[in-house]
Amino acid sequence: MLFLPLVFGIYWALSKQLRWQNLWIFATSLFFYGWWDWRFLSLLLFTMSNDFFLGWWIDKTESAKKRKWLLVFSIVSNIGVLCIFKYYNFFLQSWADLWALFDIKISFSYWQMILPIGISFYTFHSLSYTIDIYRRKLSHTKDYIAFGAFITFFPQLVAGPIARATQLLPQFMVPKKFDLELAKDGFRQMLWGLFKKVVIADTLAMFVDEIFSHQQQMPGSMMWLGSVYFAIQVYADFSGYSDMAIGIAKMFGISLMKNFNLPFFSNNMAEFWHKWHISLSTWFRDYVYFPLGGSKKGILKYIFNLSVVFALSGLWHGPKWNYIWWGLLNVLYIAPVNLFFKSNKKEKNLEAKTYKDIPAMLFTFMLFTFSVGIFRTESTHLALNLPSQLFQFDSKFINYFFDSIERYALEGIMFVVMLLLFEWTNRSQEHPMQGKYAEWKAAIILALILIFGIFSDYKAFIYFQF
Amino acid sequence: MKAFIIYIAKWMLILLVLALALDLIYTTSFKNNKARSVYQIIRGMELQKYDYIFLGSSRVKRHINHEFINKKTGLKGLNLGLSAAGPNEILLYLETFLNNHNQVENIYIEIGDKWNQEYPDSLASVYELPFLDDAAVYSAFKSYNKYINYKADIPFYRYTINSTKIGYRAVLANLFDNNIEKALKFRPYKETLLNTKPIDTRIKIKQNSCIDKIIALCKTNSIQLVFFTSPYLKVNDSEYKTFFKANLPNYYDFSNSVSDSTCYRDALHLNEKGANLFSKMVVDSLMGK
């Protein structure tokens, strides 16, 4: 309650002293991170200092070979930390499972470890700095405080958007002037993000949790409903956080990259992935897919490259095979669009979309729903069961809807419709709280937050776990 | 910057106005309904005369078939059990019942694993929050809940933090669901043995101030008071029985009276079969018919 107004007030009071302003942001962001778990501050500071130093070294080094080795060191140290803290048990277990196929038993002990919050975000965030310096897209900075403010900037530290050094770091190098209209817009965008989180995502979460925790007893119809709700939940949760982060950043005169661009209004899955978690998908595109050769080296290489990117993207979300299957399923969705339906590659402007696009959008949404259902299941076994379950209809359908607690699940449809209507009717704007009647719309959203918001059962943002 | 501070202040004002308006609408809706919760039923009940009432938690609500008892005994009585209700809620209900000039000859209170709970139960007491301006409700919370003034004084706060129980669903239901008879209908659990996890029945051996007040109230109003413990399937401790027998007037122990596991929904609750069996036992031994 007090953190944001206090940081905001002092930040603008220091607007004439850039270095102090950056120091204030750096210090308060560290405090913000430490509030979650102070023990991992050292890890954050290590990643940051490591890349600050390596960035300087890469930039001043002329030898191409040495530059490459320094970059490799940066990548290995960053990804190494990520692997240790996030994937250690997963890799060992998968290794043991592989040998178990040949009846060879490998025993190992699990490492009981807490996942540092936001580690996947700030690692990628920080890596973009050294990679862009290596590519000579960016010069190193000597200003450790500004660099610290760039890495730790609190609105986007724990759940993105994954900022690029080329886009965000320069903003901490120049004095900022308070822009009233931008701050007002940021405030309204923050409100919109809060609405998506506490009204849409948290309401749907109640039904999703109930349905997926009883997956084995649920009929196909309920699993469809659960998957649709989860698709909307994860979108509202994550894009809600992004809107809040972008909105707060605007109040600080900082522009963060757009992370979602109404993905549910996509006509195919290729378009969908251009609009979903944009900061991550463009990160993988620029730093993995293009260096691998992209689509320019034949169909097989293209499919291989796409598979690598999506498997990594799945793995980025967490150390589970479900996530990898989910990633690879998207390759099946996207590759045919790009290879055989080239006319579909040209994306329609959102404003130009009409109700005639709805069938294609619905089909795309169903594909996503199917994949995200797999993502949500609680084990590989249940993930593999889901496809057959989804196409298994039985008479329990009526009972589940009208004769038990799940009847309340139907009210979730109202929230889904509410969200999609808001987004569709405001699709020409950056976010729905802009344009004509912006203040009135924000007042309605505030009332909806009070009436429908879930404050009793606090749920952390889904992407905090990644 | 000054303009932005004014802008935010304007939004704070909008928030306050919205919260005040919603608080008024929600509270009015709850006050105009007499059937949505046990407290609402008792609050709206005046000058009624009953032969008996049962008070307690779900172990009364789901166990005591008062319709069967009324039919079998010819008496007029009610089951006013509420899931999760403890001594604090029972005292509040009894005070409200008597303050509204209702009369009752016998009160049966189920007591067991909730013995030490003097404070308002976090689940059961939520339904009383819309009525914080009732003196009895406020005092039931005040001694035990240091946040009660925030809940009472910050408009709409009590509704937002309990939105799943007294939020918009309940407000809508208040409009359409005002049938006391339907609300008081006996609804046993239908399922059989969902889990058999033993119930923690360990209690701290000490008096309960709410129970002391209940005993005193009944004495003042010449009401016959009976305590009892409903059946458990599995418990981890039986010391409570000795304490209750020594300290409670007219205590009946039914803890081990139903041993057939098909009569249970879980270790704490009987199902329909068990509830009907237990209600017969209650008529035979507790009500002496």
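Above: the structure in question.
So, a few notes on the structure that sits alongside this text. (Residues numbered from 1 in each chain as written. Chains lettered and ligands numbered in written order. Predicted model: local features only at pLDDT ≥ 70, side-chain atom pairs only at ≥ 80, totals over all residues. Heavy atoms only, no water.)

1. What to know about the overall build of chain A
So, step 1. Each helix and strand counted, chain A has 19 helices and 0 strands in total.
So, step 2. Across chain A, every contact between residues at least 6 apart in sequence was considered, and the portion connecting residues at least 24 apart equals 76%.
So, step 3. Accessible surface for chain A amounts to roughly 20,900 Å². Of this, 68% is attributable to carbon and sulfur atoms.
So, step 4. Averaged over its 42 positive side-chain charges, chain A has a centre that lies 10 Å from the centre of its 30 negative ones. (Helix = DSSP H or I, 4+ residues; strand = E, 2+ residues; numbered from the N terminus. Contact = heavy atoms within 4.5 Å. Areas by Shrake-Rupley, 256 points an atom, 1.4 Å probe, with all protein chains shown as cover. Lys, Arg positive; Asp, Glu negative; His and termini not counted. Charge placed at Lys NZ, Arg CZ, Asp CG, Glu CD.)

2. Some details on the overall build of chain B
So, step 1. Helix and strand content of chain B: 14 helices and 5 strands.
So, step 2. Against the globule reference of 19 Å for 289 residues, chain B gives a C-alpha radius of gyration of 21 Å, in line with a compact fold.
So, step 3. Viewed in the frame of its principal axes, chain B has a C-alpha envelope of about 75 × 40 × 35 Å.
So, step 4. When each of the 289 residues of chain B is scored for burial, the buried share is 52%.
So, step 5. Long-range contacts, defined here as pairs at least 24 residues apart, represent 80% of the contacts in chain B between residues at least 6 apart.
So, step 6. About 13,500 Å² of surface is accessible on chain B, with carbon and sulfur atoms providing 54% of the total.
So, step 7. Where the 37 positive side-chain charges of chain B centre and where its 27 negative ones centre are 4 Å apart. (Rg over C-alpha atoms; globule rule 2.2 N^0.38 Å. Buried < 20%, exposed > 50% of the residue type's maximum accessible area, 1.4 Å probe, protein only.)

3. Things to note about the sheet that holds strand E1 (residues 49-55) of chain B
Residues and elements named next belong to chain B.
So, step 1. In space, the 5 strands of this open sheet follow the order E2-E1-E3-E4-E5, with parallel pairing throughout. A single partner strand is all that each edge strand has here, and the edge strands are strand E2 (77-79) and strand E5 (251-253). Across this sheet, the average inter-strand angle for adjacent strands is 20°, counted without regard to direction.
So, step 2. The pairing of E1 with strand E3 (residues 103-110) spans 6 bridges and is classified as parallel. Across the sheet, the residue bridging to Tyr50 is Val104, located in E3. (Pairing = 2+ DSSP bridges. Axes fitted to C-alpha atoms, helices over the stretch in contact; angles between N-to-C directions.)

4. With respect to the environment of Tyr159 of chain B
All names here are of chain B.
So, step 1. The residue Tyr159 is located in helix H8 (residues 157-160) in this model.
So, step 2. In the structure, Tyr159 is positioned 38 residues away from Asp121 in sequence and 17 Å away in space, judged by C-alpha atoms.
So, step 3. Setting aside residues up to four positions removed in sequence, Tyr159 forms contacts with Asp23, Tyr26, Thr27, Phe30, Pro130 and Ile166.

5. Quick look at a nonpolar patch on the surface
So, step 1. Residues Trp95, Leu98, Leu101, Phe102, Ile104 and Ile106 of chain A make up a contiguous nonpolar surface patch of roughly 620 Å² in combined accessible area.
So, step 2. With respect to the secondary-structure elements, Trp95 of chain A resides in helix H4 (residues 64-100). (Patch = residues over 30% accessible without salt bridge, like charges linked within 9 Å, V, L, I, M, F, W, Y side chains within 5 Å. Salt bridge = Lys/Arg side-chain N within 4 Å of Asp/Glu carboxyl O.)

6. Re the packing of aromatic side chains
Residues and elements named next belong to chain A.
So, step 1. Going through the model one piece at a time under the given rule, you end up with 80 aromatic pairs over all chains.
So, step 2. Judged by centre distance (6.2 Å) and plane angle (75°), the ring pair of Phe8 and Phe178 falls under edge-to-face. Taken together, the positions of Phe8 in helix H1 (residues 3-13) and Phe178 in the loop between helix H8 (165-168) and helix H9 (180-213) put the pair 170 residues apart, joining distant regions of the chain.
So, step 3. Taken together, a centroid distance of 6.3 Å and an interplanar angle of 80° make the contact between Phe153 and Phe252 edge-to-face. Placement of Phe153 in the loop between helix H6 (144-152) and helix H7 (154-157) and of Phe252 in the loop between helix H10 (220-251) and helix H11 (269-275) is noted, with a sequence separation of 99 residues between them.
So, step 4. Note on Phe153: relative accessible area 0%, which makes it buried. (Phe/Tyr/Trp six-rings, centres within 6.5 Å; stacked < 30°, edge-to-face > 60°.)

7. Structural notes on a positive patch on the surface
Residue and element names in this part refer to chain B.
So, step 1. A contiguous patch of positive charge on the surface is contributed by Lys61, Lys182, Lys185 and Arg187.
So, step 2. Tracing the backbone shows Lys61 in helix H3 (residues 58-61).
So, step 3. Note on Lys61: relative accessible area 30%, which makes it partly exposed.

8. Things to note about the side chain of Asn330 of chain A
Residues and elements named next belong to chain A.
So, step 1. Position of Asn330 among the secondary structure elements: in helix H14 (residues 321-340).
So, step 2. A polar contact of 2.9 Å, which involves the side chain of Asn330, links it to the backbone oxygen of Trp326.
So, step 3. Those residues in contact with Asn330 that lie beyond four places of it in its chain are Met269, Trp273, Phe310 and Ser371. (Polar contact = N/O pair within 3.5 Å; in protein donor to acceptor, adjacent residues only side chain to side chain.)

9. As for the pattern of salt bridges
So, step 1. Under the definition given, this model contains 25 salt bridges over all chains.
So, step 2. Across the salt bridge formed by Arg19 of chain A and Asp143 of chain A, the nearest N and O atoms sit 3.2 Å from each other. Within this pair, whereas Arg19 of chain A is found in helix H2 (residues 18-37), its partner Asp143 of chain A is found in the loop between helix H5 (119-134) and H6, the two being separated by 124 residues in sequence.
So, step 3. For Arg19 of chain A, a relative accessible area of 54% gives the class exposed.
So, step 4. The closest approach of N and O atoms between Asp253 of chain B and Lys241 of chain B, which form a salt bridge, is 3.8 Å. Here Asp253 of chain B, found in strand E5, pairs with Lys241 of chain B, found in helix H13 (residues 239-247); they are 12 residues apart in sequence, far enough to count as distant.
So, step 5. In this structure, a network of salt bridges that share partners links the residues Asp185, Arg188, Lys250, Glu430 and Glu439 of chain A.

10. So, H6 of chain A
Residue and element names in this part refer to chain A.
So, step 1. Taken across its 9 residues, H6 has 8 buried, putting it largely inside the fold.
So, step 2. By the burial criterion, the buried members of H6 are Ile145, Ala146, Phe147, Gly148, Ala149, Phe150, Ile151 and Thr152.
So, step 3. In this fold, the buried residues of H6 make contact with H2, helix H3 (41-60), H5, H7 and H8.
So, step 4. One side-chain oxygen at the N-terminal end of H6 lies 3.1 Å from the backbone nitrogen of Ile145; it belongs to Asp143.

11. Points about the nonpolar core
So, step 1. One finds Phe252 of chain A together with Ile107 of chain B to be the most contacted residues of the largest nonpolar core, which totals 210 residues.
So, step 2. Setting aside its immediate chain neighbours within four residues, Ile107 of chain B contacts Ile53, Leu55, Leu94, Cys218, Ile223, Gln224, Leu225 and Val226 of chain B.
So, step 3. Grouped together as the second largest cluster of nonpolar side chains are 18 residues, Tyr52, Ile69, Leu270 and Val283 of chain B included. (Core = buried A, V, L, I, M, F, W, Y, C linked by side-chain atoms within 4.5 Å.)

12. Examining the packing of helix H15 (residues 358-376) of chain A against helix H16 (residues 380-390) of chain A
Residue and element names in this part refer to chain A.
So, step 1. Between H15 and H16, the shortest axis-to-axis distance is 8 Å and the interhelical angle comes to 140°. On the basis of their axis angle, the class for H15 and H16 is oblique. In this structure, H15 crosses over H16, and the sense of that crossing is right-handed. Where H15 abuts H16, its residues Phe370, Gly373 and Ile374 lie against Ala383, Leu386, Pro387 and Leu390.
So, step 2. Of the residues that constitute the contact of H15 with H16, the class distribution is 6 nonpolar, 1 polar and no charged. (Parallel < 35°, antiparallel > 145°, perpendicular 65-115°, else oblique. Left-handed = near helix turned anticlockwise from the far one by under 90°. Nonpolar A, V, L, I, M, F, W, Y, C, P; charged D, E, K, R; others polar.)

13. Things to note about the interface of chain B and chain A
So, step 1. The interface is formed by 21 residues belonging to chain B together with 26 residues belonging to chain A.
So, step 2. Across the interface of chain B and chain A, roughly 2,000 Å² is buried in total on both sides, 77% from carbon and sulfur atoms.
So, step 3. The largest share of the area that chain B buries against chain A comes from Phe4, Trp11 and Tyr168 of chain B, three residues that together contribute 31% of it.
So, step 4. Where chain B meets chain A, there are 0 salt bridges.
So, step 5. Sorting the residues of the side of chain B that touches chain A by element identifies helix H1 (2-31), helix H9 (163-166) and helix H10 (168-176) of chain B as the ones contributing at least two each.
So, step 6. Among the elements that take part in the side of chain B that touches chain A, H1 of chain B stands out by supplying 12 residues, more than any other.
So, step 7. Taken together, the residues of the side of chain B that touches chain A sort by class into 15 nonpolar, 4 polar and 2 charged. (Buried area = accessible area lost by both parts, 1.4 Å probe.)

14. Concerning H16 of chain A
It helps to recall that an α-helix has 3.6 residues per turn; residues three or four apart then point in one direction.
So, step 1. Taken together, the buried positions of H16 of chain A are Leu382, Ala383, Leu386, Gln389 and Leu390 of chain A. Projected down its long axis, H16 of chain A shows its buried positions confined to an angular sector of 120°, all on one face. (Arc of directions from axis to C-beta.)

15. Some words on the environment of Tyr50 of chain B
Residue and element names in this part refer to chain B.
So, step 1. Looking at where Tyr50 falls in the secondary structure, it is placed in strand E1.
So, step 2. Separated by 175 residues in sequence, Tyr50 and Leu225 place their C-alpha atoms 14 Å apart.
So, step 3. Beyond its immediate sequence surroundings of up to four residues, Tyr50 is in contact with Met45, Lys76, Gly77, Leu78, Phe97, Gln103, Val104 and Glu105.

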